[in-house]
Structures are given as structure tokens and as C-alpha cells.
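Spelled out from the first residue to the last, the chains are:
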Amino acid sequence: MAQIASSRPVGISRGRINVILLISLLLSALTVRQLVTIQVYKQVGGRDLDARAQAELQMHVVLQPRRGTIYDRNGAAMAMNVYNDSLYVEPPRVEDAAKLAIVLAPLIGKDVETILTKLTETELEWDRLARWLPDEVSAKIKTLGPDGKIPAGLHLVPEARRAYPQGDFAARVVGVANYEGDGISGIEGFYNSEVKGITGTLQAEQDAAQRQIWIAPQRLVEPQDGANLTLTIDSTVQRVIESALADAVIKHNAEGGTVLVMDPNSGEVLGMASYPSFDPNHYTEIEPDLYNHNAAVTDVYEPGSTFKVILAAIGMQVGAFNANTTVDDPGCVQRYGWPICNWNSAGNGPLTPGKMLQLSSNVAALQFAEIIGRENFYKYVRLFGYGQPTGIDLAGEGPGIVNWPIGDDWSDITLNTNSYGQSISVTPIQHLTAISTVANGGMLMTPHVVKRICKATQCEDVAPRPVRRVLDQAVTDEIRGMLVENSLSYAPVVWGPVTGSYAKMPLVPGFRVTAKTGTSSIPLNGGYDANGTIGSVVGWAPAENPRIAVLVKIDRPKDDPWGLNTAIPVYQKVTSELMTYFRMPPDPALIDPLQAGQQ
Amino acid sequence: MAMTGCPMGEALPLQHARERRVQHPKYFRLGAPGLIAGSVITVCLLSLLYLAQTGRVATRGYVLQELQADRVGLLREAEQFEYRIAAANRLDSVEARATALGLRRAAPAQLRYATIELPPGPVVAQR
């Protein structure tokens, strides 16, 4: 019976079956609903599955352009990119952090505690331990692990940095690009948009190893590398002037100085040195004031007697006087209730413009300015480019300060003081540009420091840019003769101690060169600083068909206040060496017998 | 039938050929199952071809990626060398090496200049 009973089919009531069916139906409905949610609406728990999948699958990479290289005019690299490994840590993957910190400390130059903190900060996914390691350190870290490989959790990632292989050489011209790759001073700053390049992007699909899947569609915007620049700066010229300037500043215990060398015919700046310089490779370790400004284009000073060259040129250009016109120099004169005297208060009698320049007579200069007249004088001061930036392609150029007759700072005596370079402030580049106008026959040129710009395979030469004709050739010929005479009278400063003769002789043996010195007072609190001067000289060489125009400025020399004694030796040395460098053959007739054996 | 009253031994060759031609299509006639099987085989073949091609492109892509990485590495290495060359060519380094070799700067009086008169017109270098 029991067997019969067990073989009978189990009886399930209709109600139970309906309940089971209902539950199954509900479960099926839930499953379908979930399927629709996932497959159609692509969402789970409010999370967008599609977006998450895309985020994992899609790669979006910013492609960095290569910052352009800066070369000197002979092809020597001044600023370029190099790649060094930076050390990153993935804290969750680090093993034996304490030991690793002790090993890493001497290699990356950080203390153990700092490293240990970074290694154990497990809430961070990724952190940087050190940037731009030297190659030998990077190589050591790569073998630090127990298996001779890089320790777990450490990563060496190559990163670009801006490097300056010439160190402090021409640093003020080249300038600095910061760690983010943006130029902040000098050429790096002025040409940042050209040199930096344009970033590109890559949007594509990636595999689990974050490698691009090439068969998937991609959107690529190629990065555009920055332009390579070739400067007008000549490394040899630069080295000559940096060396001569440093020697002079140290010798005279000066606070600083500037030397500029320009091709007066084209406006190309061949050398630009300011002391002190700095090493742009370590710019963060120095004061921003040092690397952020280039004294040759930003700093203003009163040009002093070197401005008398401009005065003489203006007077002869407007026909106010000629080379034979004389004015009387009693040593001191009164103007508007103020006494105006020569540097030694000594009178010189009747003076022509040439003698005014040679004796550097303030009294004669102010009288020549009065003959020129206010209107003509300031018209030409403006035509020479004073009181306005020259347009040189360097960051931070200043306009200088001219008290124009229509301004509030103007007084009647301003014309008199301006005539010998006081109450007017110029930048060195502005003054040398004006002097170059006299040197090249009267054409004002725009100075520039970039000679060629190359983008990809396309190169564009920067052509000389004439601004305007300021002087007639005849006038510049007259001024040239006067300044050659000046240079002969300056020669004893250099050659006197060597030859024992303090007579006139060629300043640079074998060459006719021009020169005019100046000793400027330094404005201070509405007056002038009694404790310092600026010694300077301007000129060009050779006098005919000039190859270089030179400005030398020595700031606050302690042992000698006169530009004649501080700046002329620098000018002589620079001019002499550069004549040799430019393969200019000397004229034996222009070598004094006493100089012949002393060169 | 196509066979006429001609005796067997006398059947013309042209006639035989015509008969065979009439019967030919039966070898190419496909029913529904044949069409389906043919389509499946064709799709399979095309898929295999496509897979093979995409696989090859993907592999080439990875190779290309590796080559690009190599190129970047070599360019970086070249820049390192360029940097070292530029640093070694610093004029003060050059002067120091020259001085160490016993060389010294020539005095102006030691220099000799040769002036070469060039003929008028363009100058062409000649061997």
C-alpha cells in the first residue's frame, strides 16, 4: 500500500500553482524591467553605464608640442629642450616603504621623513617624488628593486624641461621659460607664442593596457611644434663684451653695467651684456628682479655728455650752425637764476661744435641748444626716437623719459640741461639706436635680436627695418670727423700708462674709430645723488663704413667717477678685439710708433 | 524526346552537345536549403576575411605604436646629445681647453692679413 501511495502523483492545488505562476511572472517582469533598464536606458542604480564604458574605453590625450630651440647667429644652441626622468610614486603599491625611503634619500636629495610621508600616503593614487633627475640617478633607481628592476610602486616618467647649455652666457637676452614651459623674460618671453607651439589632441579607443586600438575610429589634431629662432647675437661678440664688462665692474667696484654692440646699418644687435648676469637653468634660486628685466632695454639713465653728439647733429641738420660756428665758453653761465657750469667750471673760450664735443663743454652745449631753438630741438629728439620704445623684439622695453615742452614737467631751463644730457632719460638700446643713426649716414633703424624664424621647414628672415631718415649724409660726415678727433684725445687713458706718452694717438691702433664719453649724475629724490655717477661712452668703428656701434655704461664706479676712465678702456678693448674678429685689416699708417711694440 | 528517328549509331555530335547543354542547369540549380547553406558559407568566409584583416591592422597598429615610442625615445636621446654638444662648445670651455693645450690668443701685431682682389661679377667657387 505504501508503495502504491508513493507512486501516486503529488497533488498541488490550483491555488498554489497560480501563486507560483504569479511569482514567476513577477520575477520575469523584474528581469525584463532590469534588462530594459540596462539594455535600453543603459543605467544601473542611477549610474550611466554607457558613460562609464565610454570613459574606460575612450582615451583623450593632450599632445604637447616641442618648444622651439633658440640659436645664436652662428648656430650655437642657447635654449633647448631636454628630457629627464621624474620619479613618481603609487603609494598603495609600495612595499617596505621605510627601507625604500632610506635608499632613495641620498639619490634624490631629499630627507628620509619627506620621502617616507609620500611613500605611505595611501589615500593618494599618484604623487611626484622628484623632478628631472640626472641620468645616472635615474639609471640607479631603475635597478633598486630586489629583482634588479625598479621597486614596486615607483615610476620614472620622462619629462621635458627647458635647458640653457650656455649657462649665464647672454642670459638677459635669451631670458627664461618657467617650469610650465611659458617664456617669462627676454626672447623666451617676447616670442613665447611662436616658440611655445600649439598643443594637439588625440581621441581614440584604448585597450586594457591603455594602448590605442588602431582599428577604432580616432580624432587626431596634430600638435604644432614651436618655431626655432636664430638670434642676431654673435657668441664671440657676446663673450668679448661680457668679459670686458665683468673685468671693468670688478676693477672699479661698480654696482653693474651694460655693454651693447649693434650693426648700425641693419639694426641687428650683435651683443647685449648686463652685469650681473644669472644662470637661467636655476632661475628659481635667484631674485625675480634679476631674471625678469634686461637693463639694456628696461633701465633708464641720463646719457650725460654722450647726448652732445645728438645736439651737434640736430644743430647742423636744421642749419642752426655749422662746424665753424663758435660760442663763448666762460666756464659758468647763469640761466633762469641757476648757474650752469662745465665739469671743472673752467672756461674754454670760443668753441666750435667739434671742440664742444672734445672738451665736453656744458656751457657751449646749452648755447648751441639755444641757437637751435626749443621747437627744432624737440622735433629732432622725437625723430631720433627718444621718449618712445624703439620696438626692439625684447620683453619689457621702456620708453625713456623726455620732458616735452608741452608737458607739466617742462621749464625753460630744461632745454639747457637737456643739451648736455641731463633731465632726459634714455634706455641704452634707445641711445645706441640714435647713435647708430649718426653712424650709418642718417637712417634710424629698428633694433632687433631675432634674425630668422623657422616653423617646420619654412624659414623667414627678419629684414632690417628702416624707420625714417633723420639726418643728411653731409651732417653725419661732419659729426664723424669730430668724433674721430675725440677718440684720439681719449687714447692716452689707455695708451698713456703703456707707452709713457699722453699725446693724441689712435685709440684702436690701425683704425679710425669714433667715441664720445659721458659722466652722468643719478637722479635721486628730485635732485641728484652726490655719491654716484654713471660713466659711459658711445661710438662706432671703423669710422667710415662702420661695422659696429658700441655703448658702454658703468654704473656707480667707486674708484673713479669719470666715464673717460671707467668706460673708455672697455670701449677700446671691445672695439679692438672685434675689429680683429671681423677680420678688418688695420691701416699701418694709423698705428703710432709708440703703440707698435705694445700691442 | 530530343532523340529523333535517327539510328543510335548515327546521332549527330551537335545534337548530343545540345542535349547535354539542356541538361546542364540541373548541376547549378539550388533549392532553398542550398541557398541558405551557400549564404552561411559566404558570410562565414567574409567574416573570416574581415577578422583576419582587422587582426592584421590591429597588430600593425601596435607595432606602429612601438615604433613611434622608439622614435620619441631616440629624439629625446638626440636632444640630450645636442645639449651636451652645445655645453661643450661654450666659448669659455673651448678657451679653457685651448689654454690647457698651450695655445694662447694672438696679439694684434702678430696677425697678418691677406687681401684678395675678387673679379667683378658673381664669384663661383671652383675646385
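Note that the coordinates shown come from a computational prediction; the quantities given were computed from them, not determined experimentally.

J.: What should I look at first to understand the overall build of chain B in this one?
T.: In terms of regular secondary structure, chain B is built from three helices and zero strands. Overall, chain B shows an N-to-C arrangement of helices and strands of α-α-α. Among the 127 residues that make up chain B, the fraction classed as buried is 6%. For chain B, the exposed area adds up to about 11400 Å²; of that, 65% sits on carbon and sulfur atoms.

J.: Can you help me understand the pairing of strand E21 (residues 458-461) of chain A in this one?
T.: For a regular strand, side-chain orientation follows a simple rule: the groups alternate between the two sheet faces. Residue and element names in this part refer to chain A. With four bridges connecting them, strand E20 (residues 450-455) and E21 associate as antiparallel partners. Across the sheet, Lys455 pairs through a bridge with Gln458, a residue of E21. Hairpin connection of E20 to E21: two residues between the antiparallel strands, including Ala456 at a positive phi of 55 degrees.

J.: What exactly am I supposed to notice about unusual backbone geometry here?
T.: Excluding glycine, most residues fall at negative phi; most peptide bonds, likewise, are trans. All names here are of chain A. Following Tyr275, the chain continues into Pro276 via a peptide bond in cis, with omega recorded as 5 degrees. Here Ala541 and Pro542 are connected by a cis peptide whose omega angle stands at -20 degrees. The backbone of Ser360 shows a phi angle near 50 degrees, a positive value even though the residue is not glycine. Mapped onto the elements, Ser360 comes out in the loop between helix H14 (353-359) and helix H15 (362-372). The residue Asn545 is not glycine, and still its phi comes out positive at about 45 degrees. Within the element layout of this structure, Asn545 appears in the loop between strand E24 (527-541) and strand E25 (548-555). By relative accessible area, which is 70% here, Asn545 ends up exposed.

J.: Any chance you could explain the sheet that holds strand E9 (residues 219-221) of chain A here in plain terms?
T.: Strands in a sheet are paired, the pairing made by backbone hydrogen bonds, and the direction either parallel or antiparallel. Residues and elements named next belong to chain A. Pairing is antiparallel in the open sheet, where three strands are placed in the order E3-E8-E9. Two strands bound the open sheet, and with one partner strand each, they are strand E3 (58-63) and E9. Neighbouring strand axes in the sheet, compared pairwise and without regard to direction, differ in orientation by 15 degrees on average. Pairing between E3 and strand E8 (residues 200-205): six bridges, direction antiparallel. Within the sheet, the bridge partner assigned to Met59 lies in E8 and is Ala204.

J.: How should I be thinking about the interface of chain B and chain A in this particular structure?
T.: Quite often, the size of an interface is put as the accessible area lost when its parts meet. Across the contact, 25 residues belong to chain B and 33 residues belong to chain A. For the pair chain B and chain A, the two sides together bury roughly 2500 Å², of which 57% comes from carbon and sulfur. For chain B, the biggest contributors to the area lost against chain A are B:Glu79, B:Tyr83 and B:Tyr113; these three give 23% of the whole. For B:Arg90, the salt bridge goes to A:Asp168, with nearest N and O atoms at 3.7 Å. Inspection of the region where chain B meets chain A yields six residue pairs in polar contact (both at pLDDT 80 or more). For the side of chain B that touches chain A, the elements supplying multiple residues, two or more each, are helix H2 (32-88) and helix H3 (91-100) of chain B. The leading source of residues in the side of chain B that touches chain A is H2(B), at 15 residues. Split by residue class, the side of chain B that touches chain A holds 13 nonpolar, five polar and seven charged.

J.: How do you make sense of a nonpolar patch on the surface when you look at a structure like this?
T.: Residue and element names in this part refer to chain A. Taken together, the side chains of Val10, Ile12, Ile17 and Leu21 present a nonpolar region at the surface, about 380 Å² in accessible area. You can see Leu21 is positioned in helix H2 (residues 14-41). Using a relative accessible area of 49% as the deciding quantity, one classes Leu21 as partly exposed.

J.: For this particular structure, what's the right way to read the pattern of salt bridges?
T.: Pairs can form between side chains of opposite charge once their charged atoms are near each other. According to the stated counting rule, one finds 26 salt bridges over all chains in the structure shown. Of the charged contacts in the structure, one is a salt bridge between A:Lys451 and A:Glu268, with a shortest N-O distance of 3.1 Å. Highlighted residues: A:Lys451 in strand E20 and A:Glu268 in the loop between strand E11 (256-262) and strand E12 (269-275), separated in sequence by 183 residues. Owing to a relative accessible area of 23%, A:Lys451 belongs among the partly exposed residues under this scheme. The class for A:Glu268 is buried, based on a relative accessible area of 9%. Through salt bridges with shared partners, a single network forms among A:Arg239, A:Glu577, B:Glu95 and B:Arg105.

J.: Help me out: how do you make sense of the state of the cysteines in this one?
T.: All names here are of chain A. Following the criterion strictly, the structure yields two disulfides over all chains and no others. A disulfide bridge connects Cys332 with Cys341, and the sulfur atoms are separated by 1.9 Å. An S-S torsion of about 115 degrees defines the bridge between Cys332 and Cys341 as right-handed. With a relative accessible area of 25%, Cys341 lands in the partly exposed category. With a sulfur-sulfur separation of 2.0 Å, Cys454 is cross-linked through a disulfide to Cys459. The sign of the S-S torsion, about 110 degrees, decides the handedness of the disulfide formed by Cys454 and Cys459: right-handed.

J.: Even after reading the chapter, I still don't get the packing of helix H13 (residues 308-317) of chain A against helix H16 (residues 374-383) of chain A, so can you show me in this structure?
T.: Helix-helix packing is described using two parameters, namely the angle between the two axes and the distance between the axes. Residue and element names in this part refer to chain A. Across the interface, H13 lies against H16 with an axial gap of 10 Å and an inter-helix angle of 115 degrees. The chirality of how H13 crosses H16 is right-handed. Side by side, H13 and H16 meet where Leu311, Ile314 and Gln317 of the first sit next to Asn376, Phe377, Tyr380 and Val381 of the second. Residue composition of the contact of H13 with H16, by class: five nonpolar, two polar and no charged.

J.: Can you walk me through the packing of helix H10 (residues 235-251) of chain A against helix H21 (residues 568-581) of chain A in this structure?
T.: Residues and elements named next belong to chain A. For the pair H10 and H21, interaxial distance at closest approach is 10 Å and the crossing angle is 160 degrees. Overall, the two elements H10 and H21 adopt an arrangement that is roughly antiparallel. Crossing hand, H10 versus H21: right-handed. Of the residues in H21, those touching H10 at Thr236, Val237, Val240, Ile241, Ser243, Ala244, Asp247 and Ala248 are Val570, Lys573, Val574, Glu577, Leu578 and Tyr581. In the contact of H10 with H21, the residues fall into nine nonpolar, two polar and three charged.

J.: Which parts of the structure should I look at to understand the side chain of A:Asp529?
T.: Residue and element names in this part refer to chain A. Its place among the elements puts Asp529 in strand E24. A relative accessible area of 13% means that Asp529 is categorised as buried. At 2.8 Å, the side chain of Asp529 and the side chain of Arg556 are in polar contact. In this view, Asp529 contacts Ile522, Leu524 and Arg556; residues no more than four positions away in its chain are not counted.

J.: Mind showing me how you'd approach the nonpolar core here?
T.: Grouped burial of nonpolar side chains is what soluble globular proteins tend to show. Residue and element names in this part refer to chain A. By size, the foremost hydrophobic cluster in this structure holds 83 residues, and its most contacted members are Ile187, Met272, Phe384 and Ile479. When near neighbours in sequence (up to four residues on either side) are disregarded, Met272 contacts Val173, Ile233, Gln238, Ile241, Val259, Leu260, Asn294, Ala296, Val297, Ile392, Leu394 and Ile429. Judged by nonpolar contacts, the second largest core, of 37 residues, contains Ala244, Val494, Ala515 and Leu578.

J.: Could you clarify how one ought to interpret helix H4 (residues 97-108) of chain A in this entry?
T.: For an α-helix, 3.6 residues make a turn, and residues three or four places apart therefore share a direction. Residues and elements named next belong to chain A. The end-to-end C-alpha separation of H4 is 15 Å, in line with the 16 Å expected for twelve residues at 1.5 Å each. When H4 is considered as a whole, its buried residues turn out to be Ala97, Leu100, Ala101, Leu104, Ala105 and Ile108. For H4, the arc enclosing every buried residue in end-on projection is 140 degrees, short of the 170-degree limit, so these residues lie on one face. Along H4, the residues that are exposed and aim more than 90 degrees away from the buried face are Lys99, Ile102 and Pro106. At its buried positions, H4 is contacted by strand E5 (77-89), helix H5 (112-119), strand E6 (127-133), helix H6 (135-141) and strand E7 (154-163). With its phi angle positive at about 70 degrees, Gly109 sits one or two positions after the end of H4.

Analysis parameters
The residue numbering used here restarts from 1 in each chain and proceeds along that chain's sequence as written. Following the order in which they are written, the chains are lettered starting with A and the ligands numbered starting with 1. Restriction of local features to residues with pLDDT of at least 70 applies here, the model being predicted, together with a cutoff of 80 or more for giving and counting side-chain atom pairs; totals for whole chains, interfaces and linings are based on all residues. As a rule here, side-chain values cover all heavy atoms of the structure and leave hydrogens and water aside. Each helix is a run of DSSP H or I of at least 4 residues and each strand a run of E of at least 2, with the numbering of both proceeding from the N terminus. Think of it in three bands: with a 1.4 Å probe and only protein chains considered, a residue is buried below 20% of the maximum accessible area for its type, exposed above 50%, and partly exposed in between. Methods summary: accessible areas were calculated by the Shrake-Rupley approach with a probe of 1.4 Å, and residue burial reflects only the protein chains presented. Two strands qualify as a pair provided DSSP detects at least 2 bridges between them. Between N-to-C directions, angles span 0 to 180 degrees; the directions come from axes that are lines fitted to C-alpha atoms, helices contributing only their stretch in contact. Residue contacts are counted whenever heavy atoms from the two residues lie within 4.5 Å of one another. Defined in terms of a 1.4 Å probe, buried area is the accessible area two parts forfeit on being brought together, summed over both. In the sections that follow, a salt bridge refers to a side-chain nitrogen of Lys or Arg positioned within 4 Å of a carboxyl oxygen of Asp or Glu. In the analysis that follows, any N or O atom pair within 3.5 Å is treated as a polar contact, provided that within protein one partner can donate a hydrogen and the other can accept it, and provided that, for residues neighboring in sequence, both atoms belong to side chains. Polar here means any residue outside two lists: the nonpolar Ala, Val, Leu, Ile, Met, Phe, Trp, Tyr, Cys and Pro, and the charged Asp, Glu, Lys and Arg; Gly therefore counts as polar. The patches described consist of residues with a relative accessible area above 30% and no salt bridge, like charges being joined within 9 Å and nonpolar side chains (Val, Leu, Ile, Met, Phe, Trp, Tyr) within 5 Å. Two cysteine sulfur atoms form a disulfide, by the criterion used here, when they sit within 2.5 Å. By definition, turning the near helix anticlockwise from the far helix through less than a right angle yields a left-handed crossing, and turning it clockwise yields a right-handed one. Just so you know how the angles are binned, under 35 degrees is roughly parallel, over 145 roughly antiparallel, 65 to 115 roughly perpendicular, and the rest oblique. For the purposes of this section, nonpolar cores are sets of buried Ala, Val, Leu, Ile, Met, Phe, Trp, Tyr and Cys residues that join through side-chain atoms within 4.5 Å. One fewer than the residue count of a helix, multiplied by 1.5 Å, yields its expected span. Read the arc as the range of directions from the helix axis to the C-beta atoms.

The quantities given are spatial measurements derived from coordinates; they are silent on function.
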